[in-house]
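Chain residues, written in single-letter form:
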2 protein chains.
Amino acid sequence: MFDYEFPLNINDLLYRARDLFSRKEVVTRFPGGVHRYTYGDLYRRVCRLAHALDRLGLKKGERVGSFAWNTHRHLELYYALPCTERVLHTVNIRIPHEHIVHTVNKARDRFLFVDEDLVPIIERVKERLETVEGYVVMAPPGKRLQTSLSPLYYYEDLLEDQGEDYSFPEFIDERTPALMCFTSATTGLPKGVEYTHRGVVLHTLAISLPDAANMSERNTLLLVVPMFHVLCWGYPFACTMTGAKQVLPGPQPTPADLARLIQDEKVTHTAGVPTVWLALLEEIESGKYDLSSLKEVLVGGSAPPRSLMEAYESHGIPMVHAYGMTEAYPVVLVSRLKSYLMDLPPEEQYRFRVKQGLLMPLLRAKVVGESGREVAHDGRELGELWLRGPWIVKGYYREEEKTRETFGDGWYHTGDVVTIDQEGYIQIADRTKDLIKSGGEWISSVELENAIMAHPAVKEAVVIAARHPKWDERPLACVALKEGETPQGKKEEIREMLARRFPSWWLPDDVVFVDEIPKTSVGKFDKKALRREFGDHYVRAREG
Amino acid sequence: MFDYEFPLNINDLLYRARDLFSRKEVVTRFPGGVHRYTYGDLYRRVCRLAHALDRLGLKKGERVGSFAWNTHRHLELYYALPCTERVLHTVNIRIPHEHIVHTVNKARDRFLFVDEDLVPIIERVKERLETVEGYVVMAPPGKRLQTSLSPLYYYEDLLEDQGEDYSFPEFIDERTPALMCFTSATTGLPKGVEYTHRGVVLHTLAISLPDAANMSERNTLLLVVPMFHVLCWGYPFACTMTGAKQVLPGPQPTPADLARLIQDEKVTHTAGVPTVWLALLEEIESGKYDLSSLKEVLVGGSAPPRSLMEAYESHGIPMVHAYGMTEAYPVVLVSRLKSYLMDLPPEEQYRFRVKQGLLMPLLRAKVVGESGREVAHDGRELGELWLRGPWIVKGYYREEEKTRETFGDGWYHTGDVVTIDQEGYIQIADRTKDLIKSGGEWISSVELENAIMAHPAVKEAVVIAARHPKWDERPLACVALKEGETPQGKKEEIREMLARRFPSWWLPDDVVFVDEIPKTSVGKFDKKALRREFGDHYVRAREG
């Protein structure tokens, strides 16, 4: 292949920004102020970093971990490692210590590049990191830290005396791994996947299409989704290829920080999980910011409740729902209305728009029912979503058994239970393990959650499968109310609301009120934590 | 590669239309009326055709020629051959007979699929076609022709009793040839190139990007560029992948036919060569049609004069200039303004917009001066454009020597002489063979032509290199005036106009007036024909 075809290399995405968009900006928010440079500067700093990686003695194919926020330095790592045939492993900064240790050891990272404020976390796990030979602290030039990490390097020192040009390989075999990422496992240890040059380039082209993320040089992107989270959904690559301005929110961004960045940098597009947009909504509604530049918000990671989409759209900000996963680089489905569905009344339009959407070009999908055959395209019959295609990974990194289980027949078995309608819109009913099996029948917790979140007093809601002595499992609603609301009478209101839409056996037997729904490391509702706390609610209730 | 990576197959573009856009339309204009069906119908007819190809005994890798207009049947051939691992050779219907014979023999086409009205042309060359074993006439069901072609098949008969489903190969090695096309040679015989599944899929993704052809399901495309002309610039694939409605203008479309299709089918986007848009302008200016649906016209094949762009934009129809060639599937450059250039005064904007534009993602380009090194990015220094990338072909089909000459060092030497400016916009000064070399210095005929075409009385203009006893070559302007205009005084006006912009030694020594500028088979100005007629103008003038 390699001596016959011109390969797909991440390098060419970077070269395009250097050659055509050297004046366009990359902006990073830091607590002390905004850092601003151009794609021309990015290219020169990537060259310096490539020289520094050589000096550290890193060989082809070797891995380096990043433990960092969304910053220009993290972006430099996104290019310097793949473009020199090494691999960047973006470590999730929010996972438990034992998972950090597991993922770094499993990836065999030789160095860890760590943001200054995250150094204390790495200090706590460093004794258990088996392959790391050195730590590179990412901090402003000249800044020194008190730390027990050793050997210790400073990112800006490493770059200082390096040349601003670099002889990248003329071609890289496109099957070469470029980045790696671990799933944020809800059960067991995280599993790793490798992303190749070929896969990244194809995914970049595909998500940039008008009916996907619609990436143009004219756009300004606020990259809210973390760079450690599945290639930041591909945005750092798509922005660079198309010359779009990138705005990186830096360490610990608050909703107010995001609102200010949208206003000050005239952000046109942004992407992230629903919980971020829930939080930002208060800032929008405060009226303190001019967010009129914002043309579209892409929401993924979990399904946005319709009430959230409506709230944004009442402020003139359309939301587009997309779906993906670590195993798919990650974008698989995007929910845009087909032209002829735009004539439907808004009510009907939302029925499609809250779904996960239409399959991206070049991917193949099957929805396989319990019988083993594909389900009807009726929007009702449930089946597991299976995927294959140019940016669906072939297995887990150094996990033969798990690979066989999930990818054994050439299809990636997502574990997501979905319906597909006559128009081809796919909707997740649930994770196979989040479905509630009551008396042998399935209940979709997601549909109940979305319905509950439409209640005006409800801030967030999750429905879990709680063990039940008679029905095996029964739904239990866990609800966080908006500030100033009290549980008084709410349980009844919620149950009445649900009773109008769902069969009576779907209704949660009880509602528990919590201060806040716990979140996973990537900002999704943490059902596992709630199951730990409330999984025996009906058993205890009976015993009590 | 094949057992490791999920391949890029044209099949998946078709499957997407079948699965997601089965209700969207493909419309063909025939003289007797409009033919209308859906992508669902297209898929079923492609299946029938695939069965028919099996029955004709066509094996993997074998070639079939098409000799046809832009119709739904031609579109069916675009899919049925590649998706069954055969190759479609789109024969140019407008080239000289000897070129038809050469290309069909060179491609070794086993069958020729011929539109009914083009049968007489094939009858005249059939004795010289060495490999063709049968002719398939594309005509309405039941229609019979008087023809000497034999053995003779009718397309609709072949499809009639076939099944509407077909077992396409699960995967095709992506390097497999899918289509082929010959250059419309201005000198010598046409040269063939092969297009692979991989190349077509990558080119389809790339041209569909927002900053290229901006292909969305919401678009309705009028495919004016002929389907025999470099994959119809990729539109049939991009439309099918994205679910855009396609409007095919059928046999011998007049400018009035195009205007009516735009109006009746609510066309939003179209693409073709400048001469088509020149001709359509009169229809637009007649005010007889409601063309308000039209959002953008893509113009390529040769550079649109600025006056043409202005004329369209005065009617609210933006024109986008793009550039490509047979050897590049074909799109290489697209000229859209960068966001920060949109603040320039319109005058300055046109300076960029009339250029051929910015390099597409994933391609690499060099502009190599006479010294053999790359030219300065100053918009002035001239050099030859060299290209390489995933959809630049590696050579000519069964032409070892020509391949070595043009592709020998791994770069495709385009033969186009260009400048590149600081922003990266590339502008064609000329074909190397169209440059005028006067007293050892180069003169760009294209720049002179565009300037002449800004004269209000001028319809079309070409500047050729005419032999000159003293200067070797001198520019000669060949001008066609608009209806009702007379040459009286025009020569002087044109020379005065040019004198304001160009050095005196650039000015054509003479202007000849012709009724019409001859066109090549793909609608470009035919400089070769003019050189034949007027190449000795200065020699004769001197002798006379």
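Residues numbered from 1 in each chain as written. Chains lettered and ligands numbered in written order. Predicted model: local features only at pLDDT ≥ 70, side-chain atom pairs only at ≥ 80, totals over all residues. Heavy atoms only, no water.

Asks: I'd like a rundown of the pairing of strand 24 (residues 472–481) of chain B, residues and numbers included.
Replies: Residues and elements named next belong to chain B. A large share of strand 24 lies buried, amounting to eight of its 10 residues. In the sheet, strand 23 (residues 458–468) pairs with strand 24 via 10 bridges, with the strands oriented antiparallel. Residue pairing for strand 24: Glu 460 is matched across the bridge by Ala 480. A loop of three residues connects strand 23 with strand 24, the two strands running antiparallel in sequence. Of the pairings in the sheet, the one linking strand 24 to strand 25 (residues 510–514) comprises five bridges and is parallel in character. Bridging from a neighbouring strand, Ala 480 pairs with Val 514 of strand 25. Note that the unit made of strand 24, helix 15 (residues 490–499) and strand 25 has a crossover that is right-handed. (Buried < 20%, exposed > 50% of the residue type's maximum accessible area, 1.4 Å probe, protein only. Helix = DSSP H or I, 4+ residues; strand = E, 2+ residues; numbered from the N terminus. Pairing = 2+ DSSP bridges. Right-handed = clockwise from strand over helix to strand, strands pointing away.)

Asks: A description of helix 8 (residues 235–242) of chain B should follow, citing residues and the corresponding values.
Replies: The buried fraction of helix 8 of chain B is high, at eight of eight residues. Looking at the residues trailing helix 8 of chain B, positive phi occurs at Gly 243 of chain B, about 85°.

Asks: An account of the interface of chain A and chain B is requested, with residue identities and associated values reported.
Replies: On the chain B side, the residues contacting the 53 residues of chain A number 53 residues. Across the chain A to chain B interface the summed buried area is about 4,900 Å²; carbon plus sulfur atoms make up 57%. For the interface between chain A and chain B, the tally reads 12 salt bridges. As a salt-bridge pair, Arg 23 of chain A and Glu 423 of chain B come within 2.6 Å of each other at their nearest N and O atoms. Inspection of the region where chain A meets chain B yields 25 residue pairs in polar contact (both at pLDDT 80 or more). (Contact = heavy atoms within 4.5 Å. Buried area = accessible area lost by both parts, 1.4 Å probe. Salt bridge = Lys/Arg side-chain N within 4 Å of Asp/Glu carboxyl O. Polar contact = N/O pair within 3.5 Å; in protein donor to acceptor, adjacent residues only side chain to side chain.)

Asks: Outline the packing of aromatic side chains, listing residues and values.
Replies: Between two aromatic rings, the relevant description is the distance of the centres plus the angle of the planes. All names here are of chain A. Inspection of every chain in the model, using the stated rule, returns 28 aromatic pairs over all chains. Plain terms: the ring middles of Tyr 166 and Phe 168 are 4.9 Å apart, the flat faces sit at 55° to each other, and that makes the pair tilted. For Tyr 166, a relative accessible area of 15% translates into the label buried. Among the residues examined, Phe 168 registers a relative accessible area of 11% and is labelled buried. Relative to Trp 506, the ring of Phe 502 lies with its centre 5.6 Å away and its plane at 5°, an arrangement referred to as stacked. On the accessibility criterion, Phe 502 (8% relative accessible area) is buried. Members of the aromatic cluster, joined through ring pairs, are Tyr 15, Tyr 43, Tyr 166 and Phe 168. (Phe/Tyr/Trp six-rings, centres within 6.5 Å; stacked < 30°, edge-to-face > 60°.)

Asks: An account of the sheet that holds strand 2 (residues 33–38) of chain B is needed here, citing residue identities and associated values.
Replies: Taking strand neighbours across the sheet as the criterion, the nine strands line up as 2-1-11-10-12-13-14-15-16 (chain B) in an open arrangement whose pairing is mixed. On the outer flanks of this sheet lie strand 2 and strand 16 (358–359) of chain B, each paired with one strand and no other.

Asks: So what's going on with the packing of helix 7 (residues 197–207) of chain A against helix 8 (residues 235–242) of chain A? Which residues, and what values?
Replies: Residues and elements named next belong to chain A. Across the interface, helix 7 lies against helix 8 with an axial gap of 9 Å and an inter-helix angle of 75°. One finds that helix 7 runs roughly perpendicular with respect to helix 8. Taking contact as the criterion, the partners of Val 200, Thr 204, Leu 205 and Ile 207 in helix 7 are, on helix 8, Tyr 235, Phe 237, Ala 238 and Met 241. Class assignment of the residues belonging to the contact of helix 7 with helix 8 gives a composition of seven nonpolar, one polar and no charged. (Axes fitted to C-alpha atoms, helices over the stretch in contact; angles between N-to-C directions. Parallel < 35°, antiparallel > 145°, perpendicular 65-115°, else oblique. Nonpolar A, V, L, I, M, F, W, Y, C, P; charged D, E, K, R; others polar.)

Asks: Talk me through unusual backbone geometry; I want residue IDs and the actual numbers.
Replies: The omega torsion of the bond from Tyr 329 of chain A to Pro 330 of chain A falls at 10°, within 30 degrees of zero and hence cis. Within the fold, Pro 330 of chain A resides in the loop between strand 14 (319–324) and strand 15 (331–335). Residues Ser 150 of chain B and Pro 151 of chain B are joined by a peptide bond in cis, for which omega reads -10°. Within the secondary structure, Pro 151 of chain B sits in the loop between strand 6 (134–138) and strand 7 (152–154). Unlike most non-glycine residues, Leu 362 of chain A shows phi in positive territory, near 75°. For Leu 362 of chain A, the location among the structural elements is in the loop between strand 16 (358–359) and strand 17 (364–368). Classification of Leu 362 of chain A by relative accessible area gives buried; the value is 4%. The phi angle at Asp 472 of chain A is positive, at roughly 80°, despite the residue not being glycine.

Asks: Mind laying out empty space enclosed by the protein, listing which residues take part and the relevant values?
Replies: Evaluation of the coordinates by the stated rule reveals five cavities of 30 Å³ or more. Around the largest cavity sit 19 residues that line it, and Asp 211, Ala 212 and Leu 358 of chain A together with Arg 16 and Phe 21 of chain B are the ones nearest its centre. Elements represented by at least two residues in the lining of the largest cavity include exactly strand 16 of chain A together with helix 8 of chain B. Taken together, the residues that form the lining of the largest cavity break down as 11 nonpolar, two polar and six charged. Volume-wise, the second largest cavity comes out at about 190 Å³. (1 Å grid on protein atoms, 1.4 Å probe; cavity = no way out; pocket = protein on both sides within 12 Å on 5 of 7 lines; lining within 4 Å. Points joined across faces, edges and corners; volume = space filled by probe spheres on them.)

Asks: Explain the environment of Asp 211 of chain A residue by residue, including any values.
Replies: On the secondary structure map, Asp 211 of chain A appears in the loop between helix 7 and strand 10 (220–223). For Asp 211 of chain A, a relative accessible area of 23% puts it in the partly exposed group. Along the primary structure Asp 211 of chain A and Ala 271 of chain A are separated by 60 residues, whereas in three dimensions their C-alpha atoms are 15 Å apart. Not counting chain neighbours up to four residues away, the residues in contact with Asp 211 of chain A comprise Val 334 and Arg 336 of chain A together with Ser 216, Glu 217, Arg 218 and Thr 242 of chain B. One polar contact links Asp 211 of chain A to Arg 218 of chain B, side chain to side chain, over a distance of 3.3 Å.

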